[in-house]
Each structure stands twice: as C-alpha cells, then as structure tokens.
Amino acid sequence: MSEKIIDLQKALDDALSLARQHIDKGNVATYIPELAHGNPKHLGACIMSTDGERYYAGDSKQLFTMQSISKTITLILALKLAGEDEVFSRIGVEPTGDAFNSIVRLETKTQFPLNPMINAGAIVAAGCCFEQKGDRVYEEFLDLARKLCGNKDISMDEKVYISEKTVGMRNRAMAYFLQGEGVLKCKAEDALDLYFRMCSALVNVCDLSHYALILANNGKCPKTGEVLVEESVVRIVKTLMVTCGMYDGSGEFAIKVGMPGKSGVGGGILATAENKMGIATFGPSLDRKGNSVGGLIILEELSKKLGLHLFSGNVFYR
Ligand code: GLU
C-alpha cells in the first residue's frame, strides 16, 4: 500500500473517532415523524478519490434519505430541462441567513425564493421540472441520481415520503404562496409531491461520495470519462453549495471546512474537494441548524489533515 492510501484511511478513521465523542450533543430530526426513528449513534463516512480509490469508515452501508442534498440534483435537472434563464428568473442566488424552512423572506424581501438550496427555492426548482415533463419527471430525477451516485438501485423511501407529505404544512404554505404569486406555474401540490419524493431518495455515504466526486471532477466521471453534468452547471451548483449549502451555517462551514457542501436533515453531508475527491458523511444527530454534528467534525478534521480548504494555500496539518 502506498503512503497516500495509509494516510487517507487513517485520517478518515481518526476523524470518525473524534466525531463519535461529540454526537450526543445533537438530536435526530423529529418534525418529519419517520425521521425520528433514525439512530443518533449512527456515524459513517466515505471518500472517493479521482484515482478511483474508495475509503470507508463506520456505518458506511447504512441507508438514509437525501433530504436537502437532493436539492442539488433537483437544480441540475431544472437547469437541464427549463434552462438557466427560466430557473433564475424565478429563484435567486443569494444566501438568506435564515433557517432552511423559513417562510419569512418570501413576503418581506421578494416573492421569489432567495436561492435553490432552501425549501422554497427547491420547491420552485421542482416546479420547473414538473412543468416540463409532468409526473414522469421523477423517474428522470431517479435516473440522474443513479448515474451521479454510480448505483442503479437508488429508489425512494415510501414511508419517509408519505410521512413528510402528511405533515409538510410549512412547505405547503410556501408552495401555495408561490403559486399565488405566479412564481410556481404548476399546481402547488404537484411541485410539492415531486419535492417530497426527491427528498425521500435513499442513499448511503458510498453513493453520495461518488456523486461528490463527479462534482469535484467538474461533471465528468473519472472512471469512464462520461460527462454526466455540464461543467457550467456544476460551477453554479458548487458555488451555491459554498454560499448556501449548509443553511444558516454556511458561513461557519466555509471558514472551518472550506469546501462546497450540502447537508440534509436525514443526517447526510456531501462535500467536494476540487479535482481531488468526493466526501460524504452520515450521522443523524443534528445541531440546531439541521446539520449533522458528527459530519461537521469529520469534514473539519479531514479538511485540516488533508489540506482540503479552498484557501488552505496547500498547508498540510500532518
Ligand atoms: N424534506 C425536508 C423539508 O422539506 C428537507 C429539509 C432539509 O433536509 O433541510 O423540510
């Protein structure tokens, strides 16, 4: 084994051990009843490097729902189906500083959602997809997710979908407001149904590290050379991940971790190290902003140890 391989596996194992000491500081999401069954002790991570190596630690096979991580794929699909001009005439690209499910700016700032990484923005992005293809578009979303994750078996968690569809009144309130303002051009319920399905796609950290690697590699699969996402679209997605991907914790994440990242209340976080590797973590114990407590620590540690911060100036902390 080369020295590089030993270093990466050790860095991952060490980061996980450190994170494990802190996961009891958070709580699993309960506002979607089905997510309340998550085990707060679960912790896993996977790194996939551009040279095709994979490194696992902890609960790396455990399945969980993408939740907000799906917003990045929804955006990719919306940009492909409806085009950049249409999408960004209805969704902004600015951070909010508010919670992911906040409703407040829709009326006080502009009737457009401020960005596609918050619920209101993702519901409009889902609407853009639905308006183009109708019900069939969920299959297209799953196909894209399967390609990006390198796993043809990705499917939807029916129980989580039904659970959120039943209780998702805040999202419903936003969608009806957006339909009333003409920002959503399809029916609110159609956009919502698609959005809930997208959030309920089941993955593990290996799947997500593959997706993160594709983003890190600017849309091209390093293994096959196939372009899965256009480079210009990847640039938009990664930029929005930096500024808005970690909800109202995005600024702190940018300072401490310094990689494009996207989290979900299912406990996953996706992070991309430019041209080097894709990283995914899983730990359903969340902080008050909805980000995985363990995942944040793992990513901060890896960023430090491996010099992955975008502005690290190649400083290695070995
Ligand atoms: N489906 C969740 C919701 O709409 C996603 C939230 C998240 O992961 O941030 O509330």
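How each quantity is defined
Residues numbered from 1 in each chain as written. Predicted model: local features only at pLDDT ≥ 70, side-chain atom pairs only at ≥ 80, totals over all residues. Heavy atoms only, no water. Pairing = 2+ DSSP bridges. Helix = DSSP H or I, 4+ residues; strand = E, 2+ residues; numbered from the N terminus. Axes fitted to C-alpha atoms, helices over the stretch in contact; angles between N-to-C directions. Expected span 1.5 Å × (residues − 1). Buried < 20%, exposed > 50% of the residue type's maximum accessible area, 1.4 Å probe, protein only. Phe/Tyr/Trp six-rings, centres within 6.5 Å; stacked < 30°, edge-to-face > 60°. Lys NZ or Arg CZ within 6 Å of the ring centre and 35° of its normal. Salt bridge = Lys/Arg side-chain N within 4 Å of Asp/Glu carboxyl O. Near = heavy atom within 4 Å. Polar contact = N/O pair within 3.5 Å; in protein donor to acceptor, adjacent residues only side chain to side chain. Areas by Shrake-Rupley, 256 points an atom, 1.4 Å probe, with all protein chains shown as cover. Nonpolar A, V, L, I, M, F, W, Y, C, P; charged D, E, K, R; others polar.

Novice: Quick question: what am I supposed to make of the sheet that holds strand E5 (residues 261–263) here?
Specialist: Remark on secondary structure: sheet strands pair via backbone hydrogen bonds, oriented parallel or antiparallel. Taken together, the five strands give an open sheet; going across it, the order is E2-E1-E7-E6-E5, and neighbouring strands pair in antiparallel fashion. Sheet topology places strand E2 (54–58) and E5 at the edges, where each strand pairs with a single neighbour. For this sheet the average axis-to-axis angle between neighbouring strands, irrespective of direction, equals 10°. Taken together, the three bridges between E5 and strand E6 (residues 268–273) define a ladder with antiparallel strand orientation. Each residue of the ladder has a partner; that of Ser263, found in E6, is Ile269.

Novice: What is the right way to look at helix H13 (residues 293–306) in this model?
Specialist: Given 3.6 residues to a turn, an α-helix orients residues that are three or four positions apart in the same direction. Taking 1.5 Å of rise per residue, 14 residues should cover 20 Å, and H13 covers 20 Å from first to last C-alpha, within 8% of that figure. Of all 14 residues in H13, 10 are buried, a share of seventy percent or more. Restricting attention to buried positions, one finds in H13 the residues Val293, Gly294, Gly295, Ile297, Ile298, Leu299, Glu301, Leu302, Ser303 and Leu306. Gly307 sits one or two positions beyond H13 and adopts a positive phi of about 65°.

Novice: Where do I start with the packing of aromatic side chains in this structure?
Specialist: Centre-to-centre distance and the angle between the planes together describe a pair of aromatic rings. Summed over all chains, the structure comprises three aromatic pairs. An angle of 5° between the planes, with centres 4.3 Å apart, marks the rings of Phe64 and Phe282 as stacked. Taken together, the positions of Phe64 in strand E3 (residues 64–65) and Phe282 in strand E7 (residues 277–282) put the pair 218 residues apart, joining distant regions of the chain. Phe64 sits in the buried class, given a relative accessible area of 4%. One residue, Arg197, lies across the ring of Tyr138, its end atom 5.9 Å from the ring centre.

Novice: Where do I start with the pattern of salt bridges in this structure?
Specialist: Opposite charge on two side chains permits pairing when their charged atoms draw close. Counted under the stated rule, the structure contains 15 salt bridges. The partner of Lys304 in a salt bridge is Glu301, with the nearest N and O atoms 3.8 Å apart. Of the two residues, Lys304 and Glu301 are both situated in helix H13; the distance of three residues between them amounts to about one turn of the helix. The exposure class of Lys304 is partly exposed, given its relative accessible area of 35%.

Novice: Sorry, what's going on with the site of the ligand here?
Specialist: Taken together, the neighbourhood of the ligand is formed by 13 residues, with Tyr31, Gln67, Glu164, Tyr195 and Tyr247 sitting nearest. Between the ligand and the protein, one listed contact pairs an oxygen atom with a side-chain N or O atom of Tyr195 at 2.6 Å. Between the ligand and the protein, one listed contact pairs an oxygen atom with a backbone N or O atom of Val265 at 2.8 Å. Look at the ligand: alone it shows 290 Å² of surface, and the protein chains cover 99% of it. Considering only residue class, the shell around the ligand consists of six nonpolar, five polar and two charged.

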